[in-house]
Amino acid sequence: MRDTAGTLSRVEVQRIGKVLVGGAVGELPTVLIGTIFYREHKIVRDHARGIFDKASAEKLIVQQDELSDATGVPCMVDVVGETSEALQKYIEFVSSVTDSPILLNGPTAEVRLEAFKYAVEIGVKDRVVYTSINYTVKEDEVLRLRELGVRNVLVQAFNPRNPWPKGSLEMVLGSGDGKGLLQYARDAGATNILILAPVLDVPYIGVAATTLETLREKTSLPVGLAPCGVVAKWCVDTNRRDCREILTAGVLGYVQAAGANFIIYGSIRKAPRVFPVCALIDSMIAYSRRREGIRPLVRSHPIYKFLIRAR
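Residues numbered from 1 in each chain as written. Predicted model: local features only at pLDDT ≥ 70, side-chain atom pairs only at ≥ 80, totals over all residues. Heavy atoms only, no water.

Peer 1: With reference to specific residues and values, describe the overall build of the chain.
Peer 2: When its secondary structure is counted, the chain shows eleven helices and twelve strands. Relative to the 2.2 N^0.38 estimate, which gives 19 Å for 311 residues, the radius of gyration of the chain is 18 Å and therefore close to what a compact globule would have. Considered along the principal axes of its C-alpha atoms, the chain spans approximately 50 × 50 × 40 Å. Buried residues in the chain amount to 55% of all 311 residues. The long-range fraction of contacts in the chain, counting pairs at least 24 apart against all pairs at least 6 apart in sequence, stands at 71%. By element, 50% of the accessible surface of the chain is carried by carbon and sulfur atoms, the whole surface being about 13800 Å². Charged side chains in the chain number 40 positive and 34 negative. The centres of these two groups are separated by 5 Å. (Helix = DSSP H or I, 4+ residues; strand = E, 2+ residues; numbered from the N terminus. Rg over C-alpha atoms; globule rule 2.2 N^0.38 Å. Buried < 20%, exposed > 50% of the residue type's maximum accessible area, 1.4 Å probe, protein only. Contact = heavy atoms within 4.5 Å. Areas by Shrake-Rupley, 256 points an atom, 1.4 Å probe, with all protein chains shown as cover. Lys, Arg positive; Asp, Glu negative; His and termini not counted. Charge placed at Lys NZ, Arg CZ, Asp CG, Glu CD.)

Peer 1: Kindly report on the layout of surface pockets, identifying the contributing residues and their values.
Peer 2: Approximately 930 Å³ is the volume attributed to the largest pocket. Lining the largest pocket are 34 residues, and of these Thr35, Asp78, Ala226, Ile264 and Gly266 lie nearest its centre. Secondary-structure elements contributing two or more residues to the lining of the largest pocket are strand S7 (102-105), helix H3 (109-121), strand S8 (128-133), strand S9 (152-156), helix H8 (228-237) and strand S12 (262-267). Considering every element that reaches the lining of the largest pocket, the biggest residue donor is S12, with three residues. Its residues assigned to classes, the lining of the largest pocket comprises 14 nonpolar, 13 polar and seven charged. (1 Å grid on protein atoms, 1.4 Å probe; cavity = no way out; pocket = protein on both sides within 12 Å on 5 of 7 lines; lining within 4 Å. Points joined across faces, edges and corners; volume = space filled by probe spheres on them. Nonpolar A, V, L, I, M, F, W, Y, C, P; charged D, E, K, R; others polar.)

Peer 1: Lay out the environment of Arg240 with the relevant residues and their values.
Peer 2: Within the fold, Arg240 resides in the loop between H8 and helix H9 (244-257). Arg240 gets classed as partly exposed once you look at its relative accessible area, which sits at 36%. With residues up to four places along the chain from it excluded, the contact list for Arg240 reads Trp234 and Cys235. Looking at Arg240, its side chain comes within polar contact range of the side chain of Thr238, at 3.1 Å. (Polar contact = N/O pair within 3.5 Å; in protein donor to acceptor, adjacent residues only side chain to side chain.)

Peer 1: Report on empty space enclosed by the protein, specifying residues and quantitative values.
Peer 2: Considering all chains together, one arrives at one cavity of 30 Å³ or more under this definition. The volume enclosed by the largest cavity comes to roughly 120 Å³. Along the wall of the largest cavity there are 15 residues; nearest its centre are Val25, Gly26, Leu28, Thr30 and Ala260. Taken together, the residues of the lining of the largest cavity break down into six nonpolar, seven polar and two charged.

Peer 1: So, the packing of aromatic side chains: which residues are in play, and what are the values?
Peer 2: All told, the structure shown has eight aromatic pairs when counted by the stated rule. Here Phe52 and Phe93 contribute two aromatic rings whose centre-to-centre distance is 5.0 Å and whose plane-to-plane angle is 70°, an arrangement assigned as edge-to-face. Residue Phe52 is located in strand S5 (residues 51-52), and its partner Phe93 is located in helix H2 (residues 84-97); the two are separated by 41 residues in the primary sequence. Seen from their ring centres, Phe116 and Tyr130 are 6.1 Å apart, and the 85° between their planes marks the pair as edge-to-face. Of this pair, Phe116 sits in helix H3 while Tyr130 sits in strand S8, and the two are 14 residues apart along the sequence. According to the relative accessible area criterion, Phe116 is buried, its value standing at 0%. Within the aromatic cluster, the residues linked to one another by ring pairs are Phe37, Phe52, Tyr90 and Phe93. Taking NZ or CZ as reference, Lys179 lies 4.3 Å from the ring centre of Tyr184, over its face. When the ring centre of Tyr304 is taken as reference, the NZ or CZ atom of Arg299 above it lies at 3.9 Å. (Phe/Tyr/Trp six-rings, centres within 6.5 Å; stacked < 30°, edge-to-face > 60°. Lys NZ or Arg CZ within 6 Å of the ring centre and 35° of its normal.)

Peer 1: Talk me through helix H10 (residues 271-289); I want residue IDs and the actual numbers.
Peer 2: Every α-helical turn comprises 3.6 residues, leaving residues that sit three or four positions apart pointing alike. In this model, H10 (19 residues) spans 26 Å end to end at C-alpha, consistent with the 27 Å of a helix rising 1.5 Å per residue. Among the residues making up H10, those that are buried are Ala271, Val274, Phe275, Cys278, Ala279, Ile281, Asp282, Ser283, Ile285, Ala286 and Arg289. Considering only its buried residues, H10 is in contact with strand S3 (31-36), helix H1 (54-71), strand S6 (75-80), H9, S12 and helix H11 (302-308). (Expected span 1.5 Å × (residues − 1).)

Next comes the structure, spelled out in structure tokens:
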């Protein structure tokens, strides 16, 4: 599916909480998603019980919101919890600090479902993205999500049997008699579905860009990826720490130009280095697309809020 200009086709525009994601390249800015409470996050004192430094956590979340407001780049918070007890505490805290959407990210279906049930109970279900439906999904997880009234789901396209674009597409859409993850998400009742393309290492980012385009064209749903972690690891492993920021910026620009509707950029503490870069790239993409009749759908787009105001 290509538009008349020969560029990446338009995908469905979805509203998750206050954030719009999707559309044709140049219509909406890339949604940036910072991760908090992950295994190595020093603000967490006990990952099993969800004990953390609340002042530090609030500072990081507010900082991301302020950068989002200043640049026009929308944001979400990827909340990682190792147990349902911890994840419930994190969700309650984060939802009290910000009105941005929240990715509810747990290691097992049991952990995720217990935490999502709690999100329903405290009234934040509509801005929570269940993260994720993936190759380990079972019918009972889908049934429970449907009972809980899930609306927003992230689908992970990673296919352990075939990590290439064709394999990711088969994982999402299904092949032969096998049901794809997209159908599982719809069976669960999801109306907003984000698709995450896999990233295995630095050279694979090029493959991930191709996967983005394939998934975008075949599903017409918002697509994204998480490329920054592998860049950071490669810089450490190859003793290139001094150029990590510029290399990360290059990767961000590459995947934005490839049509990423959202990017999970890693630790939320990186927000000051990520938001200006992506705002500038979004502005350049939007300016270029004007020649093809594509206009930003919102006045808060970085081309107006970041690029023009900065002049």
